[in-house]
Amino acid sequence: MSAPNPMKQLLTSLGEHVRSELLAYADRGQDRQVHGDSPGGDAQFDVDEVAEKAVLDYLRAHADVPLALYTEDGSYVELAPEPQLLLVVDPIDGTRPTSAGLEMGMVSIAAAPYGDGAPTLADVNAACLVEIKSGAWIYGDDTEGLTSSGFATPVPRLSRNTDLTRMFWSIEFNGHPMRLMTEAYDHLVNRSANTGGIFVFNSSTFSISRIITGQLDAYADIGNRVLRDHPDTEEQFLSVGRGSILHLFPYDIAAVVYLARLADVVITDAYGDDLGTTSLVDLGPMNQKSCIAAATPELHKQLLDSIRWDLGRGTTATATEAS
């Protein structure tokens, strides 16, 4: 019998506790209401408050190592002096589908050595995702690799697709001006929507995890690159973000990027650069990210090459591009 894995026990148990509190809250039939904004500017729903409290309550009662915590709503908290471990937790990645009782909400937990207090995504050495609806989970660390429970097929199970026209993929729109996103990849949507599939899940974690499970071929969130390449679009991003830039925050991707790498998913920012330098404790616009993830290197390269980064080309695909 293998020795117990304390990190695995901590992360999976924390995820299951948050899930149980959210399910109990949903059973009471509470209404969906926005109670304010997170420090990053995203709308915070009633279920977010429940999940944030569940994280703090569980860790204060059960953590046996000095740790610091960074969450979407609570930001940075030291739960003990001289922390040795940093947990980056998105108590609900997919607040909107979770509020609607859909399947796309997940508890996302990443762990990294505290070090000098400024760890990056490259320092993450363990992570866990728990599906709120089903209870299925994926866990990984540097020692054991990936383990999972609750899935119908083995995990990881990557697609071998290299064809854009047969691509099952998801894209992100929250905080992204629709016109800009349409101009950037409407031709790819047109090519894949019928012979493949295009989805909007409102959860980067769920989307990328579906590549790990083999249900999707790829995922794209290009908003941050569009803004960096075209600074004149900032007002449009601020308008749809209600005064904030809303791209991928470190708590959105810290866990799933680590797990995707363990699964051999090809995952970078929308420039094709490694995401490892991302600070785990900075919500500023310059630390927000874009992301392209794919099950195969060929598909990843084709996505990077095919998205229209030059927004001056117009929104209408040519007959050749649409075919």
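Before any of the text, the structure's been laid out above.
Residues numbered from 1 in each chain as written. Predicted model: local features only at pLDDT ≥ 70, side-chain atom pairs only at ≥ 80, totals over all residues. Heavy atoms only, no water.

S.K.: Which residues make up the overall build of the protein chain, and what are the values?
M.R.: Per the secondary structure count, the protein chain includes ten helices and 14 strands. Within the protein chain, buried positions represent 54% of all 323 residues. Long-range pairs, those at least 24 residues apart, make up 67% of the contacts in the protein chain between residues at least 6 apart in sequence. Surface exposure of the protein chain reaches about 13,500 Å², of which carbon and sulfur atoms provide 49%. (Helix = DSSP H or I, 4+ residues; strand = E, 2+ residues; numbered from the N terminus. Buried < 20%, exposed > 50% of the residue type's maximum accessible area, 1.4 Å probe, protein only. Contact = heavy atoms within 4.5 Å. Areas by Shrake-Rupley, 256 points an atom, 1.4 Å probe, with all protein chains shown as cover.)

S.K.: Just give me the short version of the packing of aromatic side chains, but keep the residues and values in it.
M.R.: Each aromatic ring pair is characterised by the separation of its centres together with the angle its planes make. In this structure the tally under the stated criterion is five aromatic pairs. Ring geometry for Phe249 and Tyr251: centres 5.3 Å apart, planes at 20°, overall stacked. The class of Tyr251 is buried, set by a relative accessible area of 1%. An aromatic cluster is defined as three or more aromatic residues linked by ring pairs; in this entry it consists of Phe168, Phe199, Phe201 and Phe206. Across from the ring centre of Phe206, 4.3 Å away, lies the NZ or CZ of Arg210, which sits over that ring. Directly above the ring of Trp309 sits Arg225, whose terminal nitrogen or CZ lies 3.9 Å from the centroid. (Phe/Tyr/Trp six-rings, centres within 6.5 Å; stacked < 30°, edge-to-face > 60°. Lys NZ or Arg CZ within 6 Å of the ring centre and 35° of its normal.)

S.K.: An account of the pattern of salt bridges is needed here, citing residue identities and associated values.
M.R.: Taken as a whole, this structure holds ten salt bridges when the rule is applied. Here Asp57 makes a salt bridge to Lys53, at a shortest N to O gap of 2.6 Å. Taken together, the residues span about one helical turn, with Asp57 and Lys53 both in helix α2 (residues 46-62) at a distance of four residues. A relative accessible area of 36% means that Asp57 is categorised as partly exposed. Among the salt bridges present, the one from Arg166 reaches Asp163, with a minimum N-O distance of 3.7 Å. Residue classification places Asp163 among the partly exposed positions, given a relative accessible area of 28%. (Salt bridge = Lys/Arg side-chain N within 4 Å of Asp/Glu carboxyl O.)

S.K.: Tell me what's going on with the sheet that holds strand β7 (residues 126-131), and back it up with residues and numbers.
M.R.: The sheet built from seven strands is open, its strands ordered β4-β3-β5-β6-β7-β8-β9 with mixed pairing. The open sheet has two edge strands with one neighbour each: β4 (75-78) and β9 (145-149). The sheet shows a mean angle of 15° between the axes of neighbouring strands, taken without regard to direction. The sheet contacts of helix α5 (residues 204-212) involve β5 (85-93), β6 (106-113), β7, β8 (137-141) and β9, and relative to β6 the element is tilted by about 85°. In the packing of helix α8 (residues 250-262) onto the sheet, contacts are made with β3 (67-71), β5, β6, β7, β8 and β9, and the angle to β7 comes to roughly 105°. (Pairing = 2+ DSSP bridges. Axes fitted to C-alpha atoms, helices over the stretch in contact; angles between N-to-C directions.)

S.K.: With reference to specific residues and values, describe the sheet that holds strand β10 (residues 168-171).
M.R.: The strand order across the open sheet built from five strands is β11-β10-β12-β14-β13, with neighbouring strands paired in mixed fashion. The open sheet has two edge strands with one neighbour each: β11 (197-199) and β13 (266-268). Looking at each pair of strands side by side, their axes are set apart by 10° on average, direction ignored. The sheet contact formed by β10 and β11 spans three bridges and is parallel.

S.K.: An account of the pairing of β5 is requested, with residue identities and associated values reported.
M.R.: Burial runs high along β5: nine of the nine residues are buried. Direction of pairing for β3 relative to β5: parallel, over a ladder of five bridges. Bridge pairing in β5 links Thr71 to Val89. As judged from the seven bridges shared by β5 and β6, these two strands associate in the antiparallel manner. Residue Asp90 lies in a different strand from β6, and its bridge partner there is Ser108.

S.K.: Pulling in residues and values, what's your account of the packing of helix α1 (residues 6-27) against α2?
M.R.: Two elements in contact, α1 and α2, have axes separated by 9 Å at closest approach and are oriented at 140°. Taken together, the axes of α1 and α2 lie oblique to each other. Judged by the sense of rotation from one axis to the other, the crossing of α1 with α2 is right-handed. Listed contacts from α2 to Leu10, Ser13, Leu14, His17, Val18, Glu21, Leu22 and Tyr25 of α1 are Asp46, Val47, Val50, Ala51, Ala54, Val55, Tyr58 and Leu59. Grouping the amino acids of the contact of α1 with α2 by side-chain chemistry returns twelve nonpolar, two polar and two charged. (Parallel < 35°, antiparallel > 145°, perpendicular 65-115°, else oblique. Left-handed = near helix turned anticlockwise from the far one by under 90°. Nonpolar A, V, L, I, M, F, W, Y, C, P; charged D, E, K, R; others polar.)

S.K.: Just give me the short version of the pairing of β6, but keep the residues and values in it.
M.R.: Of all eight residues in β6, seven are buried; the element is thus mostly enclosed. In this structure, β6 lies alongside β7, joined through six bridges in antiparallel fashion. The partner of Ala111 across the bridge, within β7, is Ala126.

In short, geometric facts, not functional conclusions.
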